[in-house]
Each structure stands twice: as structure tokens, then as C-alpha cells.
Amino acid sequence: MEINAFMDDIIKKNPGQKEFHQAVVEIANNVIPFINRNPQYEEARILERICEPDRTIIFGVVWEDDDGRPQINKGYRVQFNNAIGPYKGGLRFHPTVNLSILKFLGFEQIFKNSLTTLPMGGGKGGSNFDPKGKSDKEVMRFCQAFMTELSKYIGEDIDVPAGDIGVGAREIGYMYGQYRKLHTEFTGALTGKGLNFGGSPLRTEATGYGCVYFASEMLHAIDQSLEGKKCVISGSGNVSIYTAEKLIEEGAQVITLSDSSGFIYDPKGINAEKLAYIKDLKEVRRGRISEYAKEFGCEFHAGEKPWKVECDIAFPSATQNEIDKDDAASLVKSGCKVVCEGANMPTTLDGIKVFESAGLMHAPSKAANAGGVAVSGLEMSQNALGLTWSSEEIDERLRVIMRRIYDQCVEYGTENGNVDYFMGANVAGFVKVADVMLAYGIS
Ligand code: NDP
Ligand code: 2IT
């Protein structure tokens, strides 16, 4: 197989979907050489088949705003691949959402979910609805209208959505309430539910905690630990907050957080008390990160990203392509030695090359942020069993899963004694799904 011809075909079949093309090329760069050594995958055209979603559902969502005016949004669910389990992946509510972004996310999810070792296929969905500036009642009406349509296509053994950008506990609550009403049943058709209606302990924390566990594994391999390491984090949402929480617990120094308006730089480090302020600011009051700078008297850099700040480790945890070539060069210059991706595909292809040539340890999102969907998988198991495991039990399972993901990266990504975490994650994620697709024959 030849990469350029393969990508030409992808671009022709999916015109204009640049984020999707980017996600595919990143995988193809690693997987095609592997396929060329293992021709059974080429004969069955497995990679081409994985790149075509099983089903793409697009629908209109009409809801009423507080002034009684009808509002119209687009809703999507991309059911990408269910070879190894029900479609599984989050819902994103953000004004930038389009089919390209959801296809990149759904595609990544296939490989990520495979790496978790749990039986979950890949999917993703969402809407161009912007929750910012909407009242609680407006968010509720939107979520109900969105679920009225989506509910026709999901179910505990079919497709199990969860949260992503703009979708947290509040939105999942409204959507699950509507699902349960429409279906007259109480099953695990969504994850990230509240603890009193089938949610799993630690699902809220899981993506951030898992990301830190993955960083620990990488440091352990070079006889280092997180203790005393200067960490820069972007974003201040679900993933960023719980990455910060675990880093603080591990004795690292968290010095930045951001949102779409800019970043705060707190050289003294964010401690548990300051983090409690951030949780209230972001999870309850839904305010801006600049308020932190006013409260604690530190710098706020409007309109900027934190990549020029001197650090040991970076956790990009806001959104896709937030580290381009220049940002990557800034991070290298600022002393960064490890990049652990909390957000999905936060580094551009040029940015990845900069890290590669500087010899940084760089963990791809599909490995490093898989803790969230892994605990979603555990939530599905608990729902099926009708019981709830303890936080300690979930935390131990999460640690084991992140270690296994790390081990798979090392197994499939080691060349000449060096670990290429991208190669490891991409090939390991592919092999499991590909072998199952071979077992099914041409179907
Ligand atoms: P949240 O909505 O909780 O937080 C998102 C954060 O990122 C906010 O601080 C937001 O700032 C910032 N942000 C979002 N879009 C942009 C943008 N275009 N430019 C600058 N800043 C932006 O989302 P999550 O924390 O859940 O998700 C963050 C990332 O992690 C995403 O890439 C998501 O796909 C990924 N992820 C999430 C998982 C989960 O379990 N939630 C699991 C695995 C990955 P503002 O409020 O100003 O918009
Ligand atoms: O990108 C992701 O892995 C998520 N947003 C979590 C998906 C899930 O089903 O928990």
C-alpha cells in the first residue's frame, strides 16, 4: 500500500473534511508500513473499511429560547465502527462542530477504545449548539430536543454516548432524563450519568487522572517521577481540572490553565484550595479563567496560549490543533521534555514533527486520554450488572488500564530501543479491530 495514493482516495471521498483527513493521515503513516509487512490486512482492505463510518446520522434540532423564539441547530451522530463492541464516544456541543470534526473524533475513538482493552466500538456526535450565554432552561430544552431525535439510534447495546466539550453532568442529566422518558426504560444508554442514576464513581475525574497516570508511566521509564515537575495545562474544563487535581496530589507544580479568552500564569503553583475556587468558577458559576488572576493576583495573558511558559511537562487539554509548529517550537525552547495529550488531536502534524526531531516524549491523545472512555466502559459494566463499584476499585482498574495502554504503546512502538508512542498506539489500536474484522469476513 502506498500512503499518497491512499490519502488521495480518502480526500476524494471526503472532500473538505480537513480534520478528518488529518486524523486519518496520522494513523496511516504508522499503520500502512505495518500493513505492508502483514498483507492479510491489505487483501481484506481493512484500513479502507475502517475509514468509512458505518452510519452517519444528521438531524435538525428545533428548540424554544427564553423569549419564546424557535431556534434551529444541527445534530449529528457518527456511528463509525462496532467491530469490537457497541458504538461508544462522546457528544460535543460547540459552535464549531461540523461533520469533519465529528468524523475525526469518531475515527480516533475506534483506536482509543480498542486500546482500553474493553469491548467498545467507536462513535461520536454532537451539535453546533453553543451552551455559552444560554440559561439553564434553554440548555435543558435544547438537550431534550436533541435527545428526542438521537434516542431513536442509541441504546445500551447499540450506541452509548457520553460527554465531551460543552457536555458535562448537567447536559447528560437532561439528556438521560429525556431518553428514559421516551423509551420507558432505565438502562445504561448514556455514560457520565449522575451517581444516583447509574453513574460511575470517578467518571468525572477519569480522563484527567488517567492522563496523569500515563505521564507517570512515561516518567517511570526514565527513572523519574512527577514530584516537583513544572506542568503547563491548557483549558480549564473537565479534563484540565482533574489533570491539575491529580498532578497536585502527586506533588507536581501546576502553573497554567486557560480558556478560549487566554491563560493564567501562577508561578507559585495552583494548590488544592485554588483548585476548589476553579471548580466553583467553571463547574458552578460558568465564569472565565481571567477571574482567577484577579482573585489570586497572578498574570492573565489575554488571547494567548500557555506554550511559551518554562515547564517540564505540557498537558494540552482544551481542543484540537491547539499546538501548531510554532507552539511546538516554543515548548521545546521553554524546556518542555514531555507532552501528554489530554485533548483529542491537540497537536498539528507539523507540531508532531517538531517534537519528534527534538526527541520529546510525546503521548498521543488516543492513549493518554483514554481513561475517560475506559471508566465509561466500567460504567456500562456496572449498569449491566446493576451494581456500583467503589471509587477505590474504579481507581485501581483505571490505573491498570492506563498501564496496559502504556505497555501496548511500548510493545508496538519500540524501534532501536526508542519508544514512538504514536506508532505504538496507532498500530496496537488497529491490530485488535483489524483482526476482529478479518474474523467477520467481508461484511
Ligand atoms: P470542557 O467543555 O469541559 O472544557 C473545554 C475547555 O477547553 C474550556 O476551558 C474551553 O474554553 C476550552 N476550549 C474549547 N474549545 C476551545 C477553542 N476552540 N479554543 C480555545 N479553548 C477552547 O471539555 P472537556 O474538558 O471535556 O474536553 C477538552 C478536550 O478533551 C477535548 O479535546 C475533548 O475532546 C477531550 N476529551 C474529553 C474527555 C472527557 O471525558 N470529557 C475524554 C477524552 C478527551 P471556553 O470555556 O472558553 O470555551
Ligand atoms: O474523547 C473521548 O474519549 C470522550 N469524550 C469520552 C467518551 C466516552 O464515551 O466516555
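Residues numbered from 1 in each chain as written. Chains lettered and ligands numbered in written order. Predicted model: local features only at pLDDT ≥ 70, side-chain atom pairs only at ≥ 80, totals over all residues. Heavy atoms only, no water.

Undergrad: Before we move on, can you summarise the pairing of strand S4 (residues 122–127) with the specific residues and values?
TA: For S4, a buried count of 6 out of 6 residues is recorded, marking the element as mostly surrounded by other parts of the structure. What you see with S4 is no split at all: Gly-122, Lys-124 and Gly-126 on one side and Gly-123, Gly-125 and Ser-127 on the other are buried throughout. Sheet analysis places strand S2 (residues 70–81) next to S4, joined by 6 bridges and oriented antiparallel. Opposite Val-78, over in S4, you have Lys-124 as the bridge partner. Looking at chain direction, strand S3 (residues 87–93) and S4 are connected through 3 bridges and run parallel. Among the inter-strand pairings, Phe-93 is bridged to a residue of S4, identified as Ser-127. (Buried < 20%, exposed > 50% of the residue type's maximum accessible area, 1.4 Å probe, protein only. Helix = DSSP H or I, 4+ residues; strand = E, 2+ residues; numbered from the N terminus. Pairing = 2+ DSSP bridges.)

Undergrad: I'd like a rundown of helix H13 (residues 349–358), residues and numbers included.
TA: Listing the buried residues of H13 in full gives Gly-351, Ile-352, Val-354 and Phe-355. For H13, the angular spread of buried residues about the axis comes to 155°, placing them on one side. Opposite its buried face, H13 presents the exposed residues Lys-353, Glu-356 and Ser-357, each directed more than 90 degrees away. Those residues of H13 that are buried lie in contact with helix H2 (18–37), helix H12 (325–333), strand S11 (338–340), strand S12 (361–363) and helix H17 (421–440). One or two steps after H13, the chain reaches Gly-359, where phi turns positive at roughly 75°. (Arc of directions from axis to C-beta. Contact = heavy atoms within 4.5 Å.)

Undergrad: Would you mind going over the nonpolar core in detail, with residue names and values included?
TA: Membership of the largest hydrophobic core comes to 60 residues, with the highest contact counts inside it found for Phe-214, Met-218, Leu-247, Ile-270, Phe-315 and Cys-340. At 9 residues, the largest contribution of residues to this core is made by helix H8 (residues 203–221). When residues no more than four places from it in sequence are discounted, the contact partners of Phe-315 are Cys-211, Ala-215, Cys-231, Val-232, Ile-233, Ser-234, Thr-243, Leu-247 and Cys-340. (Core = buried A, V, L, I, M, F, W, Y, C linked by side-chain atoms within 4.5 Å.)

Undergrad: An account of the site of ligand 1 is needed here, citing residue identities and associated values.
TA: Around ligand 1 sit 25 residues, and of these Lys-132, Asp-164, Ser-260, Arg-288 and Asn-344 come closest. Between ligand 1 and the protein, one listed contact pairs an oxygen atom with a backbone N or O atom of Ser-236 at 2.9 Å. Within the backbone of Asn-238, a nitrogen or oxygen atom sits 2.9 Å from an oxygen atom of ligand 1. When ligand 1 is considered free in solution it has 890 Å² of accessible area, and contact with the protein chains removes 83% of it. Residue classes in the shell around ligand 1 are distributed as 4 nonpolar, 14 polar and 7 charged. (Near = heavy atom within 4 Å. Polar contact = N/O pair within 3.5 Å; in protein donor to acceptor, adjacent residues only side chain to side chain. Areas by Shrake-Rupley, 256 points an atom, 1.4 Å probe, with all protein chains shown as cover. Nonpolar A, V, L, I, M, F, W, Y, C, P; charged D, E, K, R; others polar.)

Undergrad: Kindly report on the sheet that holds S4, identifying the contributing residues and their values.
TA: As a general point, the strands of a sheet are linked pairwise by backbone hydrogen bonds and lie either parallel or antiparallel. Strand order in the open sheet formed by 5 strands is S1-S2-S4-S3-S5, with mixed pairing between adjacent strands. Two strands bound the open sheet, and with one partner strand each, they are strand S1 (55–64) and strand S5 (159–162). Each strand of the sheet is rotated relative to its neighbour by a mean of 20°, with strand direction disregarded. (Axes fitted to C-alpha atoms, helices over the stretch in contact; angles between N-to-C directions.)

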